[in-house]
Amino acid sequence: MWMILFLLLPLSGLAYTLWHVWCVLPLSVAWKWAVVCVLTLSFLLLFVNLSRVLDRLPIPLAVASYEVGCSSIIVLLYLVMIFLVLDLGRLCRLIPREVLHANGFTTCAILLVMVGIFTAGYIHYLDKKRQPIALKTEKPLARDLKIVMMSDLHLGYHNRRAEFARWVDMVNAEAPDLILIGGDIIDNSLRPLMEEGMAEEFQRLEAPIYACLGNHEYYASEPKALQFYRQAGITLLRDSVATVGDLCLVGRDDRTNPRRQSLAALMQKADRSKYVILLDHQPYHLEEAEQQGVDFQFSGHTHDGQVWPISWVTRSIYEDAFGPHVRGNTHYYVSSGIGIWGGKFRIGTRSEYVVATLTK
């Protein structure tokens, strides 16, 4: 049922948009067909990107397919919203029929609005925000600690090595004591990471790296993901606990794995006399961390919806879809992610990394 809805909604939106594009373009029939075919093929590339066909294409072609196909779903969303507003205006008799039929002015106006929105969204995506947070503890702490936290890197066909190298430089400039990654390091495929030697960029990070798995590590191939983590020098916490100085790090496997351990079972291995940080990619059931006496939980996954108005949807689903949160004595931070899945646009949301200072 969910799969049918997953296909039906975007296909219905595509049909609705193509009809309006056909009506509004002041072009000959041949040119209209050309525009409609280009838009349709761009959208269909999305399904190529969700298959393993992408890994059999030459890298430049695979990158182009990913960028165009995954961007098309967001472009389609905004075209649907624009045409819905115009249709509503027409029904209310605020907009005359001629505005939506063979109208060059309307066509240019829509084009300019779309170019403006997505240019700004792309620039906003590239601007990685530094989010400082202050954490305090009454537990033993030899000295103040600086911890850089990231989630949802989604390295792959769109976030390539050159882009990741820029993120590495930003993290190293913080001179952190520790780096924590809350899942989804990998996007949908290990192939571009292996071919570009992405593991070497992780090795440039100047602090120990600990991470948990996300759902995309499972999509990309869990065994290959584990091999990549080892090559990159990342300590994976997969339903496991690690003591790092005065910290106790607890890493849960992603909820994609139905056999992952309960948090209660994991906390039996934890040293509760130390400051306990939980890495759990998907921020469901936040009450569990509070019940188990976790001091701080770091999660990602939501991307804060990536673009408006999807951010409204994520904020209705999760208790905390983005930003800081408190339950009892447990503090939380759900990151919108430093990277992104799909088109590289941030509209009404942001890309970020978190710099936490833990003090006595």
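Note that the coordinates shown come from a computational prediction; the quantities given were computed from them, not determined experimentally.

Draft legend 1. Fine view of the overall build of the protein. Looking only at helices and strands, the protein has 12 helices and 12 strands in total. Against the 2.2 N^0.38 benchmark of 21 Å for 360 residues, the protein shows a C-alpha radius of gyration of 23 Å, consistent with a compact globule. A total of 360 residues make up the protein; the buried ones form 53% of that total. A separation threshold of at least 6 residues defines the contact pool for the protein, and within that pool the share at least 24 residues apart is 75%.

Draft legend 2. Main features of the sheet that holds strand 10 (residues 323-327). As summarised here, the arrangement of the 6 strands in space is 6-7-8-9-11-10, forming an open sheet in which the pairing is mixed. Taken across any chain shown, the strands that pair with only one partner, and hence form the sheet edges, are strand 6 (240-244) and strand 10. Taken over all neighbouring pairs, the strand axes of this sheet differ in orientation by 20° on average, direction set aside. Bridge count for strand 10 against strand 11 (residues 330-334) is 5 bridges, and the pairing is antiparallel.

Draft legend 3. Main features of the pattern of salt bridges. The tally for this structure, following the rule as stated, stands at 23 salt bridges. As a salt-bridge pair, K139 and D295 come within 2.8 Å of each other at their nearest N and O atoms. On the criterion of sequence distance, the pair formed by K139 in the loop between strand 1 (128-136) and strand 2 (145-150) and D295 in the loop between helix 11 (287-291) and strand 9 (296-299) is long-range, its members being 156 residues apart. Accessibility classification places K139 together with D295 in one group, the buried group. Note that R143 is salt-bridged to D177, the shortest N-O span being 3.0 Å. You can see R143 sitting in the loop between strand 1 and strand 2 and its partner D177 sitting in the loop between helix 5 (161-173) and strand 3 (178-181), a full 34 residues away along the chain.

Draft legend 4. Expanded view of a nonpolar patch on the surface. Residues I310, V313 and I317 make up a contiguous nonpolar surface patch of about 240 Å² in total accessible area. Within the element layout of this structure, I317 appears in helix 12 (residues 310-317).

Draft legend 5. Spotlight on the packing of aromatic side chains. Counted by the stated rule, this structure contains 9 aromatic pairs. Ring centres 5.1 Å apart and planes at 75° place the aromatic pair W22 and W33 in the edge-to-face group. Within this pair, whereas W22 is found in helix 1 (residues 2-24), its partner W33 is found in helix 2 (residues 29-49), the two being separated by 11 residues in sequence. Each ring, one from Y284 and one from Y318, has its centre 5.0 Å from the other, and the planes form 55°; the classification is tilted. A residue pair is termed long-range when its members are at least 10 positions apart, and Y284 in the loop between strand 8 (275-279) and helix 11 and Y318 in the loop between helix 12 and strand 10 qualify at 34 residues. Exposure remark for Y284: the relative accessible area of 27% places this residue in the partly exposed category. The exposure class assigned to Y318 is buried, which follows from its relative accessible area of 10%. One cation-aromatic arrangement involves K128 over Y125; the distance from NZ or CZ to the ring centre is 3.5 Å.

Draft legend 6. Representation of the packing of helix 3 (residues 59-91) against helix 4 (residues 104-126). The interhelical angle for the contact between helix 3 and helix 4, taken along N-to-C directions, is 135°, at an axis separation of 11 Å. One finds that helix 3 runs oblique with respect to helix 4. Of the two elements, helix 3 crosses helix 4, and the hand of that crossing is right-handed. The segment helix 3 lies against helix 4, with I74, V75, Y78, L79, I82, F83 and L86 engaging I110, V113, M114, I117 and F118. In the contact of helix 3 with helix 4, the residues fall into 12 nonpolar, no polar and no charged.

Draft legend 7. Seen up close, the nonpolar core. Core analysis: the largest hydrophobic core is formed by 36 residues, its most contacted members being F202 and F228. Of all the secondary structure elements, the ones that give two or more residues to this core are strand 2, helix 5, strand 3, helix 7 (198-203), strand 4 (209-211), helix 8 (215-220), helix 9 (222-232) and strand 12 (351-359). When near neighbours in sequence (up to four residues on either side) are disregarded, F228 contacts I186, L190, L193, M194, M198, A199 and F202. Among the nonpolar cores identified, the runner-up in size contains 23 residues, and L141, Y210, L279 and F298 belong to it.

Draft legend 8. The arrangement of the sheet that holds strand 12 in detail. Pairing is mixed across the open sheet formed by 6 strands, whose spatial order is 1-12-2-3-4-5. In the strand order of this sheet, the two ends are held by strand 1 and strand 5 (234-236), each with one partner. Direction aside, the axes of adjacent strands within the sheet are offset by 25° on average. With 3 bridges connecting them, strand 3 and strand 4 associate as parallel partners. In the strand pairing of strand 4, L180 is matched with Y210.

About the thresholds
- Sequence order as written defines residue numbering, which begins from 1 separately in each chain.
- Since the coordinates come from a predicted model, pLDDT governs what is reported: local features require at least 70, and pairs of side-chain atoms require 80 or more to be given and counted, while whole-chain, interface and lining totals use all residues.
- Hydrogens and waters are ignored; side-chain quantities use all the structure's heavy atoms.
- Put simply, DSSP H or I for four residues or longer makes a helix, DSSP E for two residues or longer makes a strand, and each gets a number counted from the N terminus.
- Radius of gyration here is computed from C-alpha atoms only, and the compact-globule reference equals 2.2 Å multiplied by the residue count raised to the power 0.38.
- Think of it in three bands: with a 1.4 Å probe and only protein chains considered, a residue is buried below 20% of the maximum accessible area for its type, exposed above 50%, and partly exposed in between.
- The contact rule is simple, with two residues in contact once any of their heavy atoms fall within 4.5 Å.
- Only when DSSP finds a minimum of two bridges between them are two strands counted as paired.
- Fitted lines through C-alpha atoms serve as axes, helices being fitted only where they are in contact, and the angles separating the N-to-C directions of these axes extend from 0 to 180 degrees.
- Throughout this description, the term salt bridge denotes a Lys or Arg side-chain nitrogen within 4 Å of a carboxyl oxygen of Asp or Glu.
- Here the term patch refers to residues with relative accessible area over 30% and no salt bridge, with like charges joined within 9 Å and nonpolar side chains (Val, Leu, Ile, Met, Phe, Trp, Tyr) within 5 Å.
- Note on areas: these come from Shrake-Rupley sampling with a 1.4 Å probe, and a residue is covered only by the protein chains present in the view.
- Note on ring pairs: Phe, Tyr and Trp rings are taken, using the six-membered ring of Trp, and paired if centres are within 6.5 Å. Classes follow the plane angle, with under 30 degrees stacked, over 60 edge-to-face and the rest tilted.
- Ring-over charges, as used throughout, are those where CZ of Arg or NZ of Lys falls within 6 Å of the ring centre and within 35 degrees of the ring normal.
- When an angle is under 35 degrees it counts as roughly parallel; over 145 it counts as roughly antiparallel; between 65 and 115 it counts as roughly perpendicular; any other value is oblique.
- Crossing handedness: left-handed means the near helix sits turned counterclockwise from the far one by under a right angle, and right-handed means the same turn made clockwise.
- Amino acid classes used here: Ala, Val, Leu, Ile, Met, Phe, Trp, Tyr, Cys and Pro are nonpolar; Asp, Glu, Lys and Arg are charged; the rest, including Gly, are polar.
- Put simply, buried Ala, Val, Leu, Ile, Met, Phe, Trp, Tyr and Cys residues joined by side-chain atoms within 4.5 Å make one nonpolar core.

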